[in-house]
Amino acid sequence: NRWSKELANTVMIKIFASGIKSYKDLNAFKEALAAEAKGVKQLYQRYYSHNNTEIDVEIRGNAQGLADDLSAMTINGQRVHVTEISQNKVAVNIK
């Protein structure tokens, strides 16, 4: 019963990130996301092409809280800028 309660409290939010210049930067972004964003349960990388990535995040919380955490992050010396938020999507630019 506890497992089903915990599962019910999670949502899937899609992150679209641009400005990721290399695979190394992508890994740094995913590591920071897992470590610094509150409530992250799981990350699912869906797509990566030079400069762009799409990641599904299973999280206890909402898109607004995730956007707040993302906007406080720095990846390899570059700031994360939130450019769009909806109920289940956050877009960011890293520069």
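Quick caveat, the model's predicted, so the values are computed rather than measured.

**Q** Would you mind going over helix H3 (residues 63–71) in detail, with residue names and values included?
**A** Looking at H3, one finds that the buried residues are Ala63, Leu66, Ala67, Asp69 and Leu70. For H3, the angular spread of buried residues about the axis comes to 165°, placing them on one side. Along its buried surface, H3 packs onto strand S1 (11–20), helix H2 (23–36), strand S3 (51–59), strand S5 (78–86) and strand S6 (89–94). Two or three places before Gln64, at the opening of H3, Asn62 has a side-chain oxygen 3.2 Å from that residue's backbone nitrogen.

**Q** So what's going on with the pairing of S3? Which residues, and what values?
**A** For S3, a buried count of seven out of nine residues is recorded, marking the element as mostly surrounded by other parts of the structure. Strand direction decides the pairing type here: S1 and S3, joined by nine bridges, are antiparallel. By the bridge assignment for S3, Ile20 is matched with Asn51. Judged from the eight bridges that link them, strand S2 (residues 40–49) and S3 form a sheet pairing that is antiparallel. Following the sheet pairing, Leu43 is matched in S3 by Val57. Linking S2 to S3, which pair antiparallel, is a turn of one residue.

**Q** Which residues make up the side chain of Asp69, and what are the values?
**A** Within the secondary structure layout, Asp69 lies in helix H3. At a separation of 2.8 Å, a polar atom in the side chain of Asp69 contacts the main-chain amide nitrogen of Lys38. When near neighbours in sequence (up to four residues on either side) are disregarded, Asp69 contacts Glu36, Ala37 and Lys38.

**Q** Tell me what's going on with the confidence of the model for the protein chain, and back it up with residues and numbers.
**A** Averaged over the protein chain, the pLDDT score is 92; the fraction of residues at 70 or greater is 92%. For the protein chain, helix H1 (residues 2–8) is the element with the lowest average pLDDT, namely 57, and S6 is the one with the highest, namely 98.

**Q** A description of the pattern of salt bridges should follow, citing residues and the corresponding values.
**A** Evaluation of the coordinates by the stated rule reveals five salt bridges. Residue Arg46 is joined to Asp56 by a salt bridge in which the shortest nitrogen-to-oxygen separation is 2.7 Å. A residue pair is termed long-range when its members are at least 10 positions apart, and Arg46 in strand S2 and Asp56 in strand S3 qualify at ten residues. For Arg46, a relative accessible area of 47% gives the class partly exposed. Given the relative accessible area of 9%, Asp56 is considered buried. In this structure, a network of salt bridges that share partners links the residues Lys14, Arg46, Glu54 and Asp56.

Parameters and conventions
Per chain, residue numbering runs from 1 following the sequence as it is written. Two thresholds apply to this predicted model, a pLDDT of at least 70 for residue-level local features and 80 or more for giving and counting side-chain atom pairs, whereas whole-chain, interface and lining totals are computed over all residues. Excluding hydrogens and water, the side-chain values take into account all heavy atoms of the structure. Working definition: with a 1.4 Å probe on protein chains only, accessible area under 20% of the residue-type maximum means buried, over 50% means exposed, and in between means partly exposed. Helix and strand assignments come from DSSP, with helices taken as H or I runs of at least 4 residues and strands as E runs of at least 2, each series counted from the N terminus. Within this analysis, the arc is defined by the directions that extend from the helix axis to the C-beta atoms. Any two residues whose heavy atoms approach within 4.5 Å are treated as being in contact. By the criterion applied in these results, polar contacts are pairs of N or O atoms within 3.5 Å in which, for protein atoms, one can donate a hydrogen and the other can accept it, and in which residues neighboring in sequence qualify only through two side-chain atoms. Being paired, for any two strands, means DSSP has found at least two bridges between them. What pLDDT conveys is the predictor's confidence in a given residue, as a value from 0 to 100. Criterion for a salt bridge: a side-chain nitrogen of Lys or Arg within 4 Å of a carboxyl oxygen of Asp or Glu.

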